[in-house]
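If you want the building blocks of each chain, they are given just below.
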Amino acid sequence: MEENVVLTLSDKNQYVIVERIMYENNEYLYLVDINHNENIMFCKLDGAKLTKVQDTELLGKLIIALNKKNN
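Residues numbered from 1 in each chain as written. Predicted model: local features only at pLDDT ≥ 70, side-chain atom pairs only at ≥ 80, totals over all residues. Heavy atoms only, no water.

A.B. asks: Is there a simple way to explain the environment of Asp 33 in this structure?
C.D. replies: If you trace the backbone, Asp 33 turns up in strand 3 (residues 26–33). By relative accessible area, Asp 33 is classed as buried at 1%. Put simply, Asp 33 and Val 6 are 27 residues apart on the chain and 9.1 Å apart in space, counted from C-alpha to C-alpha. A polar side-chain atom of Asp 33 sits 3.5 Å from a polar atom in the side chain of Asn 13. (Helix = DSSP H or I, 4+ residues; strand = E, 2+ residues; numbered from the N terminus. Buried < 20%, exposed > 50% of the residue type's maximum accessible area, 1.4 Å probe, protein only. Polar contact = N/O pair within 3.5 Å; in protein donor to acceptor, adjacent residues only side chain to side chain.)

As structure tokens, then:
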């Protein structure tokens, strides 16, 4: 999936793919709700399936990896 693509997820909200990152041989997408910018999430991409990351330790590691990628 490409950055800047808009996805409609099962919660019926539309999210834009802001960033794609690889972490421990898995691809993750950083998504932001286009109507409510405070609604953000990381999702693991597995083929065509997205799974929301809920593990707080993993979220912290993804934020650090995203920060390193952009600096």
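A.B. asks: What should I look at first to understand the pattern of salt bridges in this one?
C.D. replies: Tallying each qualifying case throughout the model produces 3 salt bridges. Here Glu 19 makes a salt bridge to Lys 69, at a shortest N to O gap of 2.9 Å. On the criterion of sequence distance, the pair formed by Glu 19 in strand 2 (residues 14–23) and Lys 69 in helix 1 (residues 56–69) is long-range, its members being 50 residues apart. Assessed through its relative accessible area of 43%, Lys 69 is described here as partly exposed. Among the ionic pairs, Lys 61 bridges to Glu 57, the shortest N-O distance being 3.3 Å. With Lys 61 and Glu 57 both in helix 1 and 4 residues apart, the pair spans about one turn of that helix. (Salt bridge = Lys/Arg side-chain N within 4 Å of Asp/Glu carboxyl O.)

A.B. asks: Help me out: how do you make sense of the nonpolar core in this one?
C.D. replies: Nonpolar side chains in soluble globular proteins tend to be buried together. One finds Val 16, Ile 21, Tyr 23, Tyr 28, Tyr 30, Val 32, Phe 42, Val 53, Leu 58, Leu 62 and Leu 66 forming the largest nonpolar core, which totals 11 residues. Those elements that provide at least two residues to this core are strand 2, strand 3 and helix 1. Dropping the residues within four chain positions of it, Val 32 is found in contact with Gln 14, Tyr 15, Val 16, Val 18, Asn 37, Asn 39 and Ile 40. Counting residues in hydrophobic clusters, the runner-up holds 8 residues, among them Leu 7, Tyr 15, Met 41 and Cys 43. (Core = buried A, V, L, I, M, F, W, Y, C linked by side-chain atoms within 4.5 Å. Contact = heavy atoms within 4.5 Å.)

A.B. asks: Would you mind going over the sheet that holds strand 5 (residues 49–52) with me for this structure?
C.D. replies: Hydrogen bonds between backbone groups are what pair the strands of a sheet, and the pairing can be parallel or antiparallel. Across the sheet, 5 strands lie side by side as 1-2-3-4-5; this open sheet has antiparallel pairing. Looking at strand neighbours, the two that pair on one side only are strand 1 (6–8) and strand 5, the edges of this open sheet. For this sheet, the mean angle separating the axes of adjacent strands, direction not counted, is 45°. Strand direction decides the pairing type here: strand 3 and strand 4 (residues 40–46), joined by 6 bridges, are antiparallel. Residue pairing for strand 4: Leu 31 is matched across the bridge by Met 41. Across the sheet, helix 1 touches strand 2, strand 3 and strand 4, and the angle it forms with strand 2 is around 85°. (Pairing = 2+ DSSP bridges. Axes fitted to C-alpha atoms, helices over the stretch in contact; angles between N-to-C directions.)

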